[in-house]
Amino acid sequence: MAPIAVAIASTLPVAVQAQDSVEERLSALEAQLAEVEPKATGEEGFSFNTYARSGLLLNEDLKSAPGGPYLTPAGSVGGAVGRLGNEPDTYLEAILNYRQKADNGTKSLYRLMIADSTTSSNDWTANDGAVNVRQAYVEFSELAGFRGIVRNATIWAGKRFDRDNFDIHWLDSDFAFLAGTGAGIYDVQFASELSSNFSVYGRSFIDFPSDPDSSDGTSKTDNIILTANNYFGPVQLMVNGMTAADNDERIVAGNTDAADSGIHTMLAYHGDSFFGLSDGNFKVAVLHGSGLGAEVKNIGADGNLHEDAVSTRFGAYGTTYLGDHWRLAPAILAETSKDRYIKGDDYQWLTLNARFAHEIAANFEMQYEASWQTMDIDPRGYQGRSEVDGEYSRLTIAPTFKPQVGGFWNRPEIRVFASYSSWDDELDAYAVGDSLGEDSDFASDQWTFGAQMEVWF
Amino acid sequence: MAPIAVAIASTLPVAVQAQDSVEERLSALEAQLAEVEPKATGEEGFSFNTYARSGLLLNEDLKSAPGGPYLTPAGSVGGAVGRLGNEPDTYLEAILNYRQKADNGTKSLYRLMIADSTTSSNDWTANDGAVNVRQAYVEFSELAGFRGIVRNATIWAGKRFDRDNFDIHWLDSDFAFLAGTGAGIYDVQFASELSSNFSVYGRSFIDFPSDPDSSDGTSKTDNIILTANNYFGPVQLMVNGMTAADNDERIVAGNTDAADSGIHTMLAYHGDSFFGLSDGNFKVAVLHGSGLGAEVKNIGADGNLHEDAVSTRFGAYGTTYLGDHWRLAPAILAETSKDRYIKGDDYQWLTLNARFAHEIAANFEMQYEASWQTMDIDPRGYQGRSEVDGEYSRLTIAPTFKPQVGGFWNRPEIRVFASYSSWDDELDAYAVGDSLGEDSDFASDQWTFGAQMEVWF
Amino acid sequence: MAPIAVAIASTLPVAVQAQDSVEERLSALEAQLAEVEPKATGEEGFSFNTYARSGLLLNEDLKSAPGGPYLTPAGSVGGAVGRLGNEPDTYLEAILNYRQKADNGTKSLYRLMIADSTTSSNDWTANDGAVNVRQAYVEFSELAGFRGIVRNATIWAGKRFDRDNFDIHWLDSDFAFLAGTGAGIYDVQFASELSSNFSVYGRSFIDFPSDPDSSDGTSKTDNIILTANNYFGPVQLMVNGMTAADNDERIVAGNTDAADSGIHTMLAYHGDSFFGLSDGNFKVAVLHGSGLGAEVKNIGADGNLHEDAVSTRFGAYGTTYLGDHWRLAPAILAETSKDRYIKGDDYQWLTLNARFAHEIAANFEMQYEASWQTMDIDPRGYQGRSEVDGEYSRLTIAPTFKPQVGGFWNRPEIRVFASYSSWDDELDAYAVGDSLGEDSDFASDQWTFGAQMEVWF
């Protein structure tokens, strides 16, 4: 035994020493750990979000080409065509968030969105930019004192885009876009599969006949929108009612009977497959509105609508992979609208769009977009516009770089692109100064090209 | 002894193994700790601060109602009434800070404030918003090389709100608001109970008679303000002198003798109880100014003042709890001003205001505000204004949600509110286009209501 | 042996206990370490950068003095003089960055720059400020799929200042400033000592003859600039070609032959010593341009240039320490330009500038700047300007505070300053409303003074 015991004895001082050292190191570690930053959870503090696009859109003469998804006559009433290779602007949203969590667990969010839009390529755009604040609101969630059907509710007030807006990305069009200043409550849970949101939004209609009593020379009225969004599983039923006192007294070009109230409804389905055919997702919606509700996308934002205006719109899109490397996203958007601004006017248009992407390498894919629109519009002279009936089509090819290919919603992207677009010459006559009729440089059967970035996070 | 020795021997390998493992784990921990972020002290790097409010203020016709604490005739010269349920705007300040600490210990701060103000409810306000930069300055503190009375001093330069501004929150009125472009030093310590701040601020007066030699078509002069703020414990004595070369040559409506210099003083007391009666705080101040100093709140900001203008203002507020769940914050603001813009004119007004809050649940309280103002104004036709003598009163009830009730300065809040306001009809005649006289929809004895958020952090 | 064995036995329980405690503490530490934030590398997430200056520049009457490095007649075509004590404005750039790293290692950066400029000293500048977006672009680097000569390349698209711009800080003048909207690739590595950058930039020229067909009332064309920057070690060769379709059809004051294309080249050397004489750095460049390239600094930004315009510019600066506490930074900038806007016009100017700094204490240094410019300009009546031939000189002394003295690029600084400037009276006659000729208060042989902050990070 002696050797062992000796061995023990001889190692002991070292062991004790190591023990001391361990103690010291543990204490040091514990002290250091008290001075480090807890892992960011995103639940508190500042964060930054963005949507932005910027680039050049040129014609064969190397001049800026008119463009944008809303460049056709139908675009004047919301008829978008495909956006790929069709955007001449720098548009950006800088979103500054600040989240706090109270001792009682209630969370709050303040969100500020500063936006800008310009078609100038210059770096100094003090005279032709449009920096403005689109959102500034506060939202409370997980309220400690809320019980029952509002237990998981969120409340908000301020200026905002409604939380439940959703879009057809490739047409740069929301199904319905509700925004303004107001207050509301989200996620009132009536049953396990039935929840509702209720809000009131204000919109301002300006350009009243100049009111000599007004302090700032312009007069305005408000369109007050009551909105309810109801979710039954994947089914969404939105109902909006709105009223704008005195709006019928506004001077509206050629319109002696502007609406002062409106109704708007949207029935939508949010699918978690590609129309049941394959993996992916789809969304489909039917919208209907009358009076001030007849602008079915920008809810309550158009004060020029006729009191008899009626619109019905259908929209759908889906996304899916075709094999391992090909993505497909088709979309459709169509509307019929009557007595919209002038009694007896008639707006009909239909857009079909499809974007394909071929994922080729770690940072590279080819994107293709085909867009076709047909329209038959009789504006009855509203804003000097002429009756048109015709078709517009557009084909774009866009070699695209991105940090990592894969998926439909992965940004940023840097693209170069070339587009061929063609339309019935008759469409040029719709309006003075609109994109198609702008000048002789921009005629049917033409090529445009350019480069652009798009980013969101 | 053998069994023990054997026991030791048999446990030893394990102990040694554990020791190894401890060593490894310690080393791993130490290595990991070298890769973690030190706790944020707020002493370095970026941070974000905000003041913002946004909401709807409507009349019984569901139209925007005129409003704001400065809506009465007295408001044109600073006579605010209570703000609860009385704000028709979206106003916000986004404050971006960047702090650095030099190796020698000197701290520096860069602060940028971007602000916006609009009464439009729309989300796109490029034409009716007002995005601008209100502050951009640098401040150094704990300067390594400073000794003696400036040992704890802070120096600054740029465009800013003076550090020592303080307000009556419920009237949206600073006691004195000093802001502009300049430079200065804070916290010069003459004795343990005596410290002083010294700054120079510039303000721009524009709208000179158009100067054909001017490069930008507008001409301007500067009001240069020398300010000293002296603190004797809770007592503050502020003294301002100012001079605006050539200001007497500006064309000012109906005023042939605009001041080109001014004096302004404020004596204030910062109390750490509710007027000595209970826990809470209070502030009280008397302000007096002449010439360009006769705008006693917005120091040096009004270039239209008459050379003989004299104003004296008194303000006070306090905060205290009445029992466990009721908060009270009364305030008073009053001014007398003579020869202000026209020799012989006379402005007298007094506002009493009190806000009560009843803390009811974790996230809910009821707020009440009563406001009364009396005014007797003889503007001698300045800017076409008429003589008025009358009273304005306002009562607001505001159910209020917040992340955690408690305290006077706890934000954000989401409120809904209803107000009843009443005033002497004579007040409508003060000025063309001001809030009370704006139109027949906005008459005395009326209800307004709405919803709003308010946040600061 | 027994005592030892006993000793061991008696210490064992403690040891085991300690062992347990160590285990617990290790486990606790390990658990805590899983909840801490990894050290910020700057490779991901939000960051904030800034350039800003703000202060007062006053004359002896305490009124704002005209100023700025471009205040002389030569300044109208880029002839800057020294900026110290010569800046009357608040100018700032708020830069918001967001960096991401993909799973495959590819890095992306989104950069947004919001800028403002005003000479108003007021804190509310909604009417006289200029908030706008100068940059919004995306940049990818370390692309996982890039090989060969583009292995280390960076690609970008959007609106930006070109990465390779560099300036003479003391004259507030870039050697060449390329900015606009476009796309490009940096760091194409042809050989170990040869790398190139290629980009296309668009610039907008507006103020066309009003086009009745234009949707927004203004018409514009684009100047499309192809740029290549080639680096051979410290040597940089930049070549730019540009074309602006229809620019010769723009109505340009007095110019019937505006250029519609241009060429621009710059040969530069980036030295890592003070002209080989001592430690420090230097940069020297020769620029030459014709047609639209004859504005040799702001590449492609001047649409008024004559088709025969030719300009050649030389610039150089260096920095070095003279002993331990004195810094010296001399600079030279000179240009000759002919047929610039009007056939037969002639612009010649030369600026010499030197800034000295004497580092005196931890937070304090004295700065001195001497500036001299000679010019001989015959504008042939362009924009009503008169022929002038004369000299301008300026001496500034600026006691300067900073967090830590040392080095040429260390900011922030807070300065007070006094300047004496003198010039030939003939220069006052150059243009109506320019700085020198503005009014009788601003005459030759005058003192100006003020205070200012300058910061970047």
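Residues numbered from 1 in each chain as written. Chains lettered and ligands numbered in written order. Predicted model: local features only at pLDDT ≥ 70, side-chain atom pairs only at ≥ 80, totals over all residues. Heavy atoms only, no water.

Under an unreviewed UniProt entry, the name given to chain A is Carbohydrate porin, and the source organism is Marinobacter qingdaonensis. UniProt, in the comment section headed Sequence similarities (unreviewed entry), describes chain A in these words: "Belongs to the porin LamB (TC 1.B.3) family." Recorded in UniProt under Subcellular location (unreviewed entry), the annotation for chain A is "Cell outer membrane". (UniProt positions renumbered as here; feature names shortened; annotations may be inferred.)

### Observations regarding the overall build of chain A
Within chain A one finds one helix and 20 strands. Over its C-alpha atoms chain A spans a radius of gyration of 28 Å, topping by over 25% the 23 Å that the globule rule assigns to 457 residues. Dimensions of chain A along its principal axes, counting C-alpha atoms only, are 115 × 55 × 50 Å. Sequence separation of 24 or more characterises 61% of the internal contacts of chain A that already satisfy a separation of 6 or more. On chain A, roughly 16800 Å² of surface is accessible, and the fraction owed to carbon and sulfur atoms is 55%. Here chain A contributes 32 positively and 66 negatively charged side chains, and the mean placements of these two sets differ by 5 Å. (Helix = DSSP H or I, 4+ residues; strand = E, 2+ residues; numbered from the N terminus. Rg over C-alpha atoms; globule rule 2.2 N^0.38 Å. Contact = heavy atoms within 4.5 Å. Areas by Shrake-Rupley, 256 points an atom, 1.4 Å probe, with all protein chains shown as cover. Lys, Arg positive; Asp, Glu negative; His and termini not counted. Charge placed at Lys NZ, Arg CZ, Asp CG, Glu CD.)

### Quick look at the relation of the copies chain A and chain B
Its rotation angle being 120 degrees, the transformation that places chain A on chain B also includes 0.0 Å of axial translation and leaves an RMSD of 0.1 Å. With respect to symmetry, the two chain copies, as superposed, fit the operation of a three-fold axis. Rotation axis and chain A: the residue whose C-alpha lies nearest the axis is Glu37 of chain A, separated from it by 3.3 Å. The fraction of interface residues of chain A whose copies in chain B are also interface residues is only 17%, indicating that the copies meet through different surfaces. (Least-squares fit on C-alpha atoms with pLDDT ≥ 70 in both.)

### Let's talk about the relation of the copies chain B and chain C
Of the transformation superimposing chain B on chain C, the axial component is 0.0 Å and the angular component is 120 degrees, with the fit at an RMSD of 0.1 Å. Comparing interface residues between copies, only 17% of those in chain B also sit at the interface in chain C, which points to a heterologous contact through distinct surfaces.

### Section: a nonpolar patch on the surface
Residues and elements named next belong to chain A. Taken together, Phe232, Leu237, Val239 and Leu267 make up a surface patch of nonpolar side chains, about 310 Å² in accessible area. Assignment of secondary structure puts Leu237 in strand β11 (residues 235-243). A relative accessible area of 30% means that Leu237 is categorised as partly exposed. (Patch = residues over 30% accessible without salt bridge, like charges linked within 9 Å, V, L, I, M, F, W, Y side chains within 5 Å. Salt bridge = Lys/Arg side-chain N within 4 Å of Asp/Glu carboxyl O. Buried < 20%, exposed > 50% of the residue type's maximum accessible area, 1.4 Å probe, protein only.)

### Considerations on the pattern of salt bridges
Residue and element names in this part refer to chain A. Summed over the entire model, instances satisfying the criterion amount to 96 salt bridges over all chains. Of the charged contacts in the structure, one is a salt bridge between Glu335 and Arg313, with a shortest N-O distance of 2.7 Å. A residue pair is termed long-range when its members are at least 10 positions apart, and Glu335 in strand β15 (residues 326-338) and Arg313 in strand β14 (residues 310-322) qualify at 22 residues. Considered together, Glu335 and Arg313 belong to a single accessibility category, that of buried residues. Here Glu359 makes a salt bridge to Arg327, at a shortest N to O gap of 2.8 Å. Highlighted residues: Glu359 in strand β16 (residues 346-361) and Arg327 in strand β15, separated in sequence by 32 residues. Side by side, Glu359 and Arg327 carry an identical accessibility label, which is buried.

### Points about the interface of chain A and chain B
Across the contact, 71 residues belong to chain A and 66 residues belong to chain B. Across the chain A to chain B interface the summed buried area is about 5500 Å²; carbon plus sulfur atoms make up 66%. Considering only the surface of chain A that becomes buried against chain B, Arg25, Leu29 and Tyr110 of chain A emerge as the three largest contributors, covering 11% of it. On the surface where chain A and chain B come into contact, there are five salt bridges. The residue Glu23 of chain B makes a salt bridge to Arg25 of chain A at a minimum N-O spacing of 2.7 Å. Contributions of two or more residues to the side of chain A that touches chain B are made by α1 (2-33), β2 (90-101), β3 (107-118), β4 (132-141), β5 (154-161), β8 (179-191), β9 (194-205) and β10 (221-232) of chain A. Sorting elements by how many residues they give to the side of chain A that touches chain B places α1 of chain A first, with 10 residues. (Buried area = accessible area lost by both parts, 1.4 Å probe.)

### Concerning the interface of chain B and chain C
Interface size is commonly expressed as the accessible surface area that is lost when the partners come together. Each side of the interface is counted separately: chain B has 70 residues, and chain C has 64 residues. Interface of chain B and chain C: buried area, both sides summed, is about 5500 Å²; carbon and sulfur atoms make up 66% of it. Three residues stand out in chain B for area buried against chain C, namely Arg25, Leu29 and Tyr110 of chain B, and they jointly supply 11% of the buried area on that side. For the interface between chain B and chain C, the tally reads five salt bridges. Where Asp246 of chain B meets Lys63 of chain C, a salt bridge forms, and the shortest distance between an N and an O atom there is 2.9 Å. Taken together, the links from chain B to chain C amount to 23 residue pairs in polar contact (both at pLDDT 80 or more). (Polar contact = N/O pair within 3.5 Å; in protein donor to acceptor, adjacent residues only side chain to side chain.)

### A few points about the environment of Phe442 of chain B
Residue and element names in this part refer to chain B. Residue placement: Phe442 occurs in the loop between β19 (413-423) and β20 (446-456). C-alpha separation for the pair Phe442 and Ala65, spaced 377 residues apart in sequence, amounts to 7.1 Å. Apart from residues lying up to four places away in sequence, Phe442 is in contact with Ala65, Pro66, Leu71, Trp423, Ser435, Leu436 and Thr448.

### Thoughts on unusual backbone geometry
All names here are of chain A. A cis amide bond, omega 10 degrees, links Arg411 with the succeeding residue Pro412. For Glu142, which is not glycine, the phi torsion reads 50 degrees and is therefore positive. Counting through the fold element by element, Glu142 comes out in the loop between β4 and β5. Relative accessible area serves as the criterion here: at 47%, Glu142 is assigned to the partly exposed category.

### Comments concerning a negative patch on the surface
All names here are of chain A. A cluster of like negative charges, contributed by Asp376, Glu387, Asp389, Glu391, Asp424, Asp425, Glu426 and Asp445, occupies part of the molecular surface. By the element assignment, Glu391 lies in strand β18 (residues 388-401). By relative accessible area, Glu391 is classed as partly exposed at 37%.

### Structural notes on the pairing of strand β16 (residues 346-361) of chain C
Across a regular strand the side chains alternate sides, sitting on one face of the sheet and then on the other. All names here are of chain C. Where strand β15 (residues 326-338) meets β16, 13 bridges bridge the pair, whose relative direction is antiparallel. Each residue of the ladder has a partner; that of Ala331, found in β16, is Asn353. With 15 bridges joining them, β16 and strand β17 (residues 364-378) adopt antiparallel strand pairing. Looking across to β17, one finds that Ala357 is bridged to Gln367. Here β16 folds back onto β17 in antiparallel fashion, the turn holding two residues. (Pairing = 2+ DSSP bridges.)

### Focus: the environment of Lys338 of chain B
Residue and element names in this part refer to chain B. Its location among the elements puts Lys338 in strand β15 (residues 326-338). In sequence terms Lys338 and Asn240 are 98 residues apart; their C-alpha atoms lie 20 Å from each other. Among all residues touching Lys338, those that are not within four sequence positions of it are Asp308, Ala309, Val310, Asp345, Asp346 and Gln348. Separated by 3.4 Å, the side chains of Lys338 and Asp346 make a polar contact.

### What to know about the packing of aromatic side chains
The description of an aromatic ring pair uses the distance of the two centres, along with the angle that the planes make with each other. If you walk through the whole model with that rule in mind, you get 80 aromatic pairs over all chains. Pairing Tyr110 of chain A with Phe457 of chain B gives two aromatic rings, centres 5.9 Å apart and planes at 65 degrees, and the pair type is edge-to-face. Highlighted residues: Tyr110 of chain A in strand β3 and Phe457 of chain B in the segment after β20, drawn from two different chains. Just as Tyr110 of chain A is buried, Phe457 of chain B falls in that class too. Measuring from centroid to centroid gives 6.1 Å for Trp326 of chain A and Tyr368 of chain A, while their planes differ by 20 degrees, and the two rings are stacked. (Phe/Tyr/Trp six-rings, centres within 6.5 Å; stacked < 30°, edge-to-face > 60°.)

### A closer look at the nonpolar core
Of all hydrophobic cores here, the largest spans 78 residues; its most connected members are Tyr110 and Leu112 of chain A, Tyr110 and Leu112 of chain B together with Tyr110 and Leu112 of chain C. When neighbours within four sequence positions are excluded, Tyr110 of chain B is seen to be in contact with Leu96, Asn97, Tyr98, Ala136, Tyr137 and Val138 of chain B together with Thr50, Ala52, Leu92, Met453, Val455 and Phe457 of chain C. (Core = buried A, V, L, I, M, F, W, Y, C linked by side-chain atoms within 4.5 Å.)

### Some thoughts on the side chain of Lys63 of chain A
Within the secondary structure, Lys63 of chain A is located in the loop between β1 (45-59) and β2. A relative accessible area of 10% means that Lys63 of chain A is categorised as buried. Polar side-chain contacts of Lys63 of chain A include one of 2.9 Å to the side chain of Asp246 of chain C.

### Quick look at the side chain of Asp339 of chain B
If you trace the backbone, Asp339 of chain B turns up in the loop between β15 and β16 (346-361). Separated by 2.7 Å, the side chain of Asp339 of chain B and the backbone nitrogen of Gly344 of chain B make a polar contact.

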